[in-house]
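# Commentary on secondary and tertiary structure
Each chain, written out:
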Amino acid sequence: MANRKILTSLDRLAAATSQDADDVRIALTELVASGDARVQRGQESADAERLEAHHCFRLVMNWDHFHENRVQLSIKGDDA
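Residue numbers here run from 1 along each chain, matching the order of that chain's written sequence. Reporting in this predicted model follows two pLDDT cut-offs: at least 70 for local features of residues, and 80 or more for side-chain atom pairs to be given and counted; totals over whole chains, interfaces and linings ignore these cut-offs and use all residues. Remark: hydrogens and water are excluded; side-chain values derive from all non-hydrogen atoms of the structure.

It is worth spelling out the nonpolar core at this point. Each nonpolar core is a collection of buried residues, namely Ala, Val, Leu, Ile, Met, Phe, Trp, Tyr and Cys, held together in the definition by side-chain atoms within 4.5 Å. Think of it in three bands: with a 1.4 Å probe and only protein chains considered, a residue is buried below 20% of the maximum accessible area for its type, exposed above 50%, and partly exposed in between. Counting residues in hydrophobic clusters, the biggest one holds 13 residues, and the most contacted among them are L10, V24, L28, V39, L51, F57 and L59. Each helix is a run of DSSP H or I of at least 4 residues and each strand a run of E of at least 2, with the numbering of both proceeding from the N terminus. For this core, the elements supplying multiple residues, two or more each, are α1 (10-17), α2 (21-33), β2 (37-41) and β4 (57-61). Any two residues having at least one pair of non-hydrogen atoms within 4.5 Å are treated as being in contact. Beyond its immediate sequence surroundings of up to four residues, L51 is in contact with L10, R25, L28, V39, R41, A46 and F57.

Pasting the structure below:
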């Protein structure tokens, strides 16, 4: 799965997830720190912690990295 880019803002992500913009910023910062995402303004990397809520930025998700570094659990149904 290739990297996926979207143009968005903290305000837009907050509205889409029914979360506070500061909570979205924290989640975005964690995604960047773990290597699952990059944040760009124009062609330059941006610091997710310093984004203004209304500023547009490009969110670049690295879905391969995201899926490779997650624990997957499954629960088998009761066979009785």
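Okay, back to it.
Let us look at the layout of surface pockets. In this analysis a 1.4 Å probe is tested at points of a 1 Å grid over the protein atoms alone, and where it fits but cannot get out there is a cavity; an open set with protein on both sides within 12 Å along at least five of seven lines is a pocket; lining residues have an atom within 4 Å of a point. Grid points are joined across faces, edges and corners, and a volume is the space filled by probe spheres set on the points. Put simply, the largest pocket is a space of about 170 Å³. At the level of secondary structure, the elements contributing two or more residues to the lining of the largest pocket comprise α1 and α2. Tallying contributions element by element places α2 first for the lining of the largest pocket, with 5 residues. Throughout this entry, Asp, Glu, Lys and Arg are counted as charged residues, while Ala, Val, Leu, Ile, Met, Phe, Trp, Tyr, Cys and Pro are counted as nonpolar. The remaining residues, Gly among them, count as polar. Its residues placed into classes, the lining of the largest pocket shows 6 nonpolar, 2 polar and 1 charged.

The salt bridge criterion pairs a side-chain nitrogen of Lys or Arg with a carboxyl oxygen of Asp or Glu, the two atoms within 4 Å. Tallied over the full model, the rule gives 2 salt bridges. A salt bridge links R25 to D22; its shortest N-O distance comes to 3.2 Å. Linking R25 with D22, this pair stays in helix α2, spanning 3 residues, or about one helical turn. For R25, a relative accessible area of 15% corresponds to the buried category.

This next bit is on the side chain of R25. Pairing of N or O atoms within 3.5 Å defines a polar contact, subject to two protein rules: one partner must be a possible hydrogen donor and the other a possible acceptor, and residues neighboring in sequence count only if both atoms are side-chain atoms. Looking at R25, its side chain comes within polar contact range of the side chain of D22, at 3.2 Å. Those residues within four positions of R25 in sequence are excluded, and the remaining contacts are L10, A48, E49, R50, L51 and E52.

On to the sheet that holds β2, then. DSSP-based pairing: two strands are paired if at least 2 bridges between them are found. Strand order in the open sheet formed by 4 strands is β1-β4-β2-β3, and the pairing between neighbours is antiparallel. Looking along the sheet, the strands with just one partner apiece sit at the ends: β1 (4-8) and β3 (44-45). Of the pairings in the sheet, the one linking β2 to β3 comprises 2 bridges and is antiparallel in character. Each residue of the ladder has a partner; that of R41, found in β3, is E44.

Another aspect to go through is the environment of E30. For E30, the position within the fold is in helix α2. The exposed category is assigned to E30, whose relative accessible area is 53%. C-alpha separation for the pair E30 and A48, spaced 18 residues apart in sequence, amounts to 9.2 Å.

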